[in-house]
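# Summary of the model geometry
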4 protein chains.
Amino acid sequence: MIKVGIIGATGYTGEELINLLLKHPEVRICYLSAKIQFPQKISEIFKKFKARIEIVCEELNFEKVSSQCELVFTALPHTVSMEIVPRLLNAKLKVIDLSADYRLRNLKLYQRFYKKKHSDPYRIKEAVYGLPEIYRQDIKKASLVANPGCYPTAAILGILPCLVADYIELSDIIIDAKSGFTGAGRKLDLSYIFAEINENLRAYKINTHQHIPEIEERLSSFSSKKLNINFVPHLVPLNRGILETIYLKKKKNKLNLKTEDLIKLYKRFYSKEPFIRIYDKESLPQVKDVVGTNFCDIGLYSEKNSSLIIIIVAIDNLLKGASGQAVQNMNIMYGYPETTALI
Amino acid sequence: MIKVGIIGATGYTGEELINLLLKHPEVRICYLSAKIQFPQKISEIFKKFKARIEIVCEELNFEKVSSQCELVFTALPHTVSMEIVPRLLNAKLKVIDLSADYRLRNLKLYQRFYKKKHSDPYRIKEAVYGLPEIYRQDIKKASLVANPGCYPTAAILGILPCLVADYIELSDIIIDAKSGFTGAGRKLDLSYIFAEINENLRAYKINTHQHIPEIEERLSSFSSKKLNINFVPHLVPLNRGILETIYLKKKKNKLNLKTEDLIKLYKRFYSKEPFIRIYDKESLPQVKDVVGTNFCDIGLYSEKNSSLIIIIVAIDNLLKGASGQAVQNMNIMYGYPETTALI
Amino acid sequence: MIKVGIIGATGYTGEELINLLLKHPEVRICYLSAKIQFPQKISEIFKKFKARIEIVCEELNFEKVSSQCELVFTALPHTVSMEIVPRLLNAKLKVIDLSADYRLRNLKLYQRFYKKKHSDPYRIKEAVYGLPEIYRQDIKKASLVANPGCYPTAAILGILPCLVADYIELSDIIIDAKSGFTGAGRKLDLSYIFAEINENLRAYKINTHQHIPEIEERLSSFSSKKLNINFVPHLVPLNRGILETIYLKKKKNKLNLKTEDLIKLYKRFYSKEPFIRIYDKESLPQVKDVVGTNFCDIGLYSEKNSSLIIIIVAIDNLLKGASGQAVQNMNIMYGYPETTALI
Amino acid sequence: MIKVGIIGATGYTGEELINLLLKHPEVRICYLSAKIQFPQKISEIFKKFKARIEIVCEELNFEKVSSQCELVFTALPHTVSMEIVPRLLNAKLKVIDLSADYRLRNLKLYQRFYKKKHSDPYRIKEAVYGLPEIYRQDIKKASLVANPGCYPTAAILGILPCLVADYIELSDIIIDAKSGFTGAGRKLDLSYIFAEINENLRAYKINTHQHIPEIEERLSSFSSKKLNINFVPHLVPLNRGILETIYLKKKKNKLNLKTEDLIKLYKRFYSKEPFIRIYDKESLPQVKDVVGTNFCDIGLYSEKNSSLIIIIVAIDNLLKGASGQAVQNMNIMYGYPETTALI
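These numbers were taken from a predicted model, which means no experiment stands behind them.

## Focus: the relation of the copies chain B and chain C
It takes a turn of 180° to lay chain B on chain C, together with a shift of 0.0 Å along the axis; the resulting RMSD is 0.0 Å. Viewed as a symmetry operation, the transformation between the two copies matches a two-fold axis. When C-alpha distances to the rotation axis are compared across chain B, the minimum falls at P237 of chain B, with a value of 3.3 Å. A share of 100% of interface residues in chain B that are also interface residues in chain C marks the association as one of identical surfaces.

## Quick look at the sheet that holds strand β13 (residues 276–278) of chain D
Residue and element names in this part refer to chain D. Sheet architecture is open: seven strands sit in the order β10-β11-β9-β12-β15-β14-β13, paired in mixed fashion. Taken across any chain shown, the strands that pair with only one partner, and hence form the sheet edges, are β10 (202–203) and β13. Here β13 runs beside strand β14 (residues 296–302); their pairing, made up of three bridges, is parallel. In the sheet register, R277 faces β14, and the bridge partner there is D297. In the packing of helix α10 (residues 259–269) onto the sheet, the strands contacted are β13, β14 and β15 (308–315), and the crossing angle to β14 comes to about 150°.

## A word on the domain arrangement of chain A
How big an interface is tends to be expressed through the accessible area that disappears when the partners come together. All names here are of chain A. We note that the domain assignment places domain 1 (2–147 + 322–334) and domain 2 (151–315) within chain A. The distance between the C-alpha centroids of domain 1 and domain 2 comes to 25 Å. With 22 residues of domain 1 in contact, the opposing surface of domain 2 contributes 26 residues. Counting each side, the surface lost to burial between domain 1 and domain 2 is near 2100 Å², with a carbon and sulfur contribution of 54%. Three residues, Y12, F113 and E133, lead the burial of domain 1 against domain 2; their summed loss comes to 31% of the area buried on that side. For R186, the salt bridge is made with E15, and the minimal N-O distance between the two is 2.9 Å.

## Some remarks on the packing of helix α8 (residues 150–164) of chain B against helix α10 (residues 212–220) of chain B
The relative placement of two packed helices is expressed as an angle between their axes plus a distance between the axes. Residue and element names in this part refer to chain B. Close contact between α8 and α10 brings their axes to 10 Å; oriented N to C, the two are set at 30°. Classified by the angle between their axes, α8 and α10 sit roughly parallel to one another. The two elements α8 and α10 cross, and the hand of that crossing is right-handed. On the side of α8, the interface is formed by P152, A155, I156, I159, L160 and L163, while α10 contributes E214, I215, R218 and L219. Partitioning the contact of α8 with α10 into residue classes produces eight nonpolar, no polar and two charged.

## Description of the packing of helix α8 (residues 150–164) of chain C against helix α11 (residues 259–269) of chain C
Residues and elements named next belong to chain C. It is at 10 Å that the axes of α8 and α11 come closest, and there the two elements cross at 105°. Taken together, the axes of α8 and α11 lie roughly perpendicular to each other. Touching L157, G158, I159, L160, P161, C162 and V164 of α8 are L262, L265, Y266 and F269, all from α11.

## A closer look at the pairing of strand β2 (residues 27–33) of chain A
Residue and element names in this part refer to chain A. By the criterion of burial, β2 is predominantly enclosed, with six of the seven residues buried. For strand β1 (residues 2–7) and β2, the ladder comprises six bridges, and the chain directions are parallel. Within the sheet, the bridge partner assigned to I7 lies in β2 and is S33. Regarding the hand of the β-α-β motif, the stretch spanning β1, helix α1 (residues 12–22) and β2 is right-handed. Strand direction decides the pairing type here: β2 and strand β4 (residues 56–58), joined by two bridges, are parallel. Counterpart to L32 in the pairing with β4 is C57.

What counts, and at which threshold
Residues numbered from 1 in each chain as written. Chains lettered and ligands numbered in written order. Predicted model: local features only at pLDDT ≥ 70, side-chain atom pairs only at ≥ 80, totals over all residues. Heavy atoms only, no water. Least-squares fit on C-alpha atoms with pLDDT ≥ 70 in both. Contact = heavy atoms within 4.5 Å. Pairing = 2+ DSSP bridges. Helix = DSSP H or I, 4+ residues; strand = E, 2+ residues; numbered from the N terminus. Axes fitted to C-alpha atoms, helices over the stretch in contact; angles between N-to-C directions. Domains from an automatic or database assignment. Buried area = accessible area lost by both parts, 1.4 Å probe. Salt bridge = Lys/Arg side-chain N within 4 Å of Asp/Glu carboxyl O. Parallel < 35°, antiparallel > 145°, perpendicular 65-115°, else oblique. Left-handed = near helix turned anticlockwise from the far one by under 90°. Nonpolar A, V, L, I, M, F, W, Y, C, P; charged D, E, K, R; others polar. Buried < 20%, exposed > 50% of the residue type's maximum accessible area, 1.4 Å probe, protein only. Right-handed = clockwise from strand over helix to strand, strands pointing away.

Okay, structure coming up:
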C-alpha cells in the first residue's frame, strides 16, 4: 500500500487521477492540493466523489505533502511544476509530473514554446519520459517521471514502428490531430463556453503547438537525422478522446509496402504491450472504443505503389494521454501488475 | 427605411439581432456598441458577419447613438438597462429593451429578484410588455417596449388560454422548464465551459428564478386572484431552444375536459396569430422544429376525468424568446408586415 | 468464481454488463448470445473489448448456455424474455432478467402496456423485484430477479421515503423525467439517427409509458391506497443519464415541512445504502456526477407552508438503471461485497 | 415568379431546399415528391413547415411535375437520378440535380465508385457542373446543372487558386476532411443512431470515397497533368458543417511563398465572389461561422522555406455544399441577384 498525493487535484487530469486511484487496491490517497480559495472536501468540489473519498483539498502545504506521502502526482500547469517538483524530490518523494516541464531536453525549445526560462535545468536529465512502450526499464528505477503529453503519446506510438523500420522519409511528416475539449484543461475562457464549442469545429495553432518539439525530440532519438513534423490540431465537440490521422511518406525503396505489411510490423513491434491494439485490415479505430480506457488503438493503411502511409491513432486524452498513463507508470515503478486499476 | 442601433451587440441576443436585421428590407443598422476593450469591426468579433456588415462596434457613445438612430435595441444585462434607457427616451429615440428592467410593475419584486433598487421607477408604467399576442395594440403606439423573457414567453403563451377560459386552479401551477445553453447569456463562468454542460443535465434555481414574478404578474392580470407558480428550470446540452412542460390542475367542474377540447380552445384563441402553432392530438412539439424560427409551438394533453392538463410549449430562446420577438415588436411599431425578416 | 452468461449481449445493457463483469474478480463470462447473423467474436462486434475478452457471440444455444453457466443475465426485449427464462430456470440456472417480463404482478396491466399476453404467469410470483434498497433480503435467496426499469428505479427511490413517512397525497404525483438516448435501447428507427436527437429535446408517451404501472404497483404496496402517477418522459441529447424532477403534494397536516426535514428523513431512510447519496440543502444532483457510477443521487426541496415537495433524482440509466443494478443484485445473491466491480 | 418542384423532398437536402425556397421572393414551390408510403402534407412530415407551406408530398407523378413546374430540383440518391432526369429534360423542364449522376465525365470511374453502369451517358456532356465560381457563364445557359458534392465544393474552392497559379505539385495532395452528420444523408443504419455518433469521432473510406474522382476530374481540367488526391474523410458529432484541412506541396521554385502571398492570391482570385471569404493572417475559419450560410471560408498558412501549404476550408454541407449552392445556381440560371434567399 503506497501513500500518494495529488498536487493540482481540481483540473481534469487531477480529477481523473482521483477516480483511478480510488479503484487501485494498493494505493491510499493521502493528500490533495490545488489553487483554491479555502480548504474544501474534494467530494464537495466534485460531487461525483461523494461517499467515495472524504479528504480535504487545500492550498499546497509542503510540510504536509512531504510527511504524508511517498509518491506525488503533480498535475500542474506548465512552468508551475518546475517550481515545486525539486522540493518534492529533495524531500525524497517520488514524482510523476503530468506537466510539460521535464519532458523536453532542449532548453531553448522549452523556453520558446512555454515562454519561460526553465528554472530547474539539471534535473531534466534525471527525468524519465513516461512512455512505457519505450522507456519501461528506465521508469522502473525512476524518481521523476515526465508523463507525456496527450498528442505526443498518440503521435509517437503511431509513428515509431515505421521510423524504426526505416520505412519513411523524415521530412514532411503530417499529423492532423483532433481532440475533445478536455485536452485543453479546465480553463476559464470565453472561447471555451459551451455554445462556442458545441456544433463547431476548428483548427488552431497550426505548426506552433507546444507539443511539436516533444514529438520531434523523442522520435529524433530513434533516427539518424532530425525529423520535421507538420502538426495541425483541431478542437472537436466531444468531452474526451483524441484521433490523429498521420500521413507519412514512404522511402523510395519501400513503395511496395501494403497495409498487411504494416499490420504485421506493428503487431510484432507491440506484441508484449498490454495497452496497444493494432487493427486488422479495413477496420479503423474510433474514439468511442478507447474513451474510458487506457488503450491506444492503431489502424494502418498503405496502397502498393502509392507513396503515402496513413495511420489512424485513437486514445482517451485523459487516460492513455494523461492520468491513465501516469497510473501505468506508477504501477511500473512499484512493481504492480501494469494494468492494475486500468482495465 | 429605419435607422437602428444595438447597445450590447456582442451578447447572444445582440448577435441574433444583427443577424435578423441584416435580412430586414426596411432596416439599416447604423450603430453598434458593447462593453469592449477597443473599437473593432463587428465582422471581426463575429466572423460570421464577414462580408455582410462593416460597422465598428465601440463602447457606448451616447451622442452618436442618439444622432444616428431612431430606434435602439438595448440588449444589456439586467440593472444596466435602466441606467441607459431613460437617456435614449429623453433623446426621443424609441427603445426595445431586451433586459428585465421594464418588465415588472412590482418594484419590490424587482428589487428582490434582481438585487438592486430600480433607478427609473416612473417609466415602468409607460413601458409596454412586448408580447404581441396580448399587447399588440399597445405595442403599436409604444416608445418603450419591455421585451419579454424567454421562459415567460413560453409559459404565458402556454397557460393564458386555459386561464382566460377559467379552466384551471390558480394555485399549484407547475412549470418544468428545460433550456438550451444560450438562455444563460454569453458569460464567463467555470460551470459554463463545454465539458460541464455537454453530456450533463441539471436543475437550478428551484422556485427562485427571476422569471417567476414576471410570469405571475402578467398572468395574474387575467385572473381575479394572484397565481402561484412552481418553476423548476433545467439546463440541457443544446445551443438553442426551450421546452416547457406545464402541469395545470383543472377546476372541479372541468374534469371532463379532453385533449380535443383544449385544442379547439387554443386554435380559436390564437387563430389570428402568425407565430403560434397548435398541435393536433397525439402530436407534440419538439425543440428542433422551432429552432431558427420565431414560432411558438404548443401541444396539449388532457384525459377525461383526470385532474391534470399537461401542456408542452417549444420556442427558440433567442428568437421568439428574445431577438425574434424584439423584431416582431419593431415590425408592429413601424407598421411593417409582422413576419418581415422572421419567416 | 461464478460462471455467467449473457443472453442479448449486443444491446446497450448487454454491452455494459460485459464491461462490468470483466472487472469483477469473482466472475468468469462463459457464454454470450444475441440475435446475430453469424457467430462473431464479441471483440469484433464491440472493438472496445479487443484484448479484453475473446468469447464468440452466437445465436442462443440452449444446451450450451445451460451446461456452461450457473447464472444468466437475460438482456432481452420485453415479451422475448418470458419465452426463455422458464427454460433457464428449469435447467437450474439462476437468472437476472433485465426485461420487464417479471416485474409486474398485474397480468392485465402487463398485457395492456406490453401488447402481449404473458406466457409464464405463474413464475411472476417467484420473481424478486431487484431493487436492493427494498428487497435485499429476498434477493439473497432468489433464483429469478426481475431487474427494475431505469425510470422506476429513480422514481421509487425518490418517492419511497416520503410515502412511507406518510407525508404526501397519493393522487396527482407528477414525475417529469428526462433521459439520455441509451434509455431507448439500440434500435433502428429513423427518429433515432443522430441529427434527429442532437440539438433537439422532446416529450413522448405522456401518461402512456410502460414504466408507469411498474412505479405505481411497487409504490402502492407501501400505501393503503392505490397511487396515481402522472409521468411525462423527455428525450435529451446525451448518451447516458436520467434526471427525474418529482412533484409531490404534501398532506394537509404536513405543510410545515422544510427542506431540512426531508434531508434528515432521507439520510436516515437510506443510511445503510452504499449507492444512495442524499444532497445537502441548496445542492442539487446532476447527471454528470452519476454517469459511469452505480449511484442514485437525490436532492430535496420544500418550502414551509407551501404545498409541494420537489425531488430531483439522478442515475445512470445503464448502471443503477440497468446493468449496474443487475451486478449489484448478483453480488447480493452470491454474498460478494455489494459494491464489487461497481466502485 | 418561377414554379419549382422538388423530387426527393424528405431527405436533408430536400428539407433544406424547401426552407430556402420559402424565403425566395421569386419562387413558388408547386410540387413535392418522395419515396413515401402515402401522400402526406410536407408540414406533417416536417413539423417545422407547419403554417409555412401546405403542399402534399407524394410518390413521384411524372405528369404532375412536368405540367406544374418549369424547374425541378432532383434531390435523389446517386444512381436514381439518372433514371428520372432524362424524362424531366425531355418534358422541357430545367433540372438542378443534387445527386452525383451528372458530375463525372469519366464513365468508368462513375461505374467503379457508384457500383452501377451509367444509364444516360450522352447527357453528361450537356450537364454543367454547378460551381458558380468556375462555371458561372455556362450555368446561365444550362438546362441541366450537376450540383457539386459537399466535399468537392470545399476541396476545389480551396485548391484551385494554388493550382492555377502553378504553385503546387500535382501528386501527394492530401485532404483531411471532417464532416457533420447530415453529410451522410437521412439514412437508416445502426451506425447512425445517436449514441454511435455522439461523443465519437472516426475516419472512414480512406482513399475510397466516391467524391475523390469528382475532385480529381475537375481540378485536372486546370492542370497539364492528372492530379493525385489522398482523401481521408472523418465523421464528427455535429449536425452540419464541413472543415477540410488541405496539405499541398510547394513546387521547388516556390518555397519562399509566405502566408501573406497566398492571402493576396486568393483575395484576388475570388475578388468578385459573393460567397467566398478569405481570412486574414492568423485567423482561421471555423464551422460555426458558416453554418446556416452559403459562405465558403478559406484560411491559409505557409512558412517561408517550408515545403507545405496548409489550407483550411469551411462550408455548411447542406448550403454551399448542397441546397444553398443549388439555389445559387437557380438564381444564376434565371437572372436573379445571386444572393437572393441566401443572405
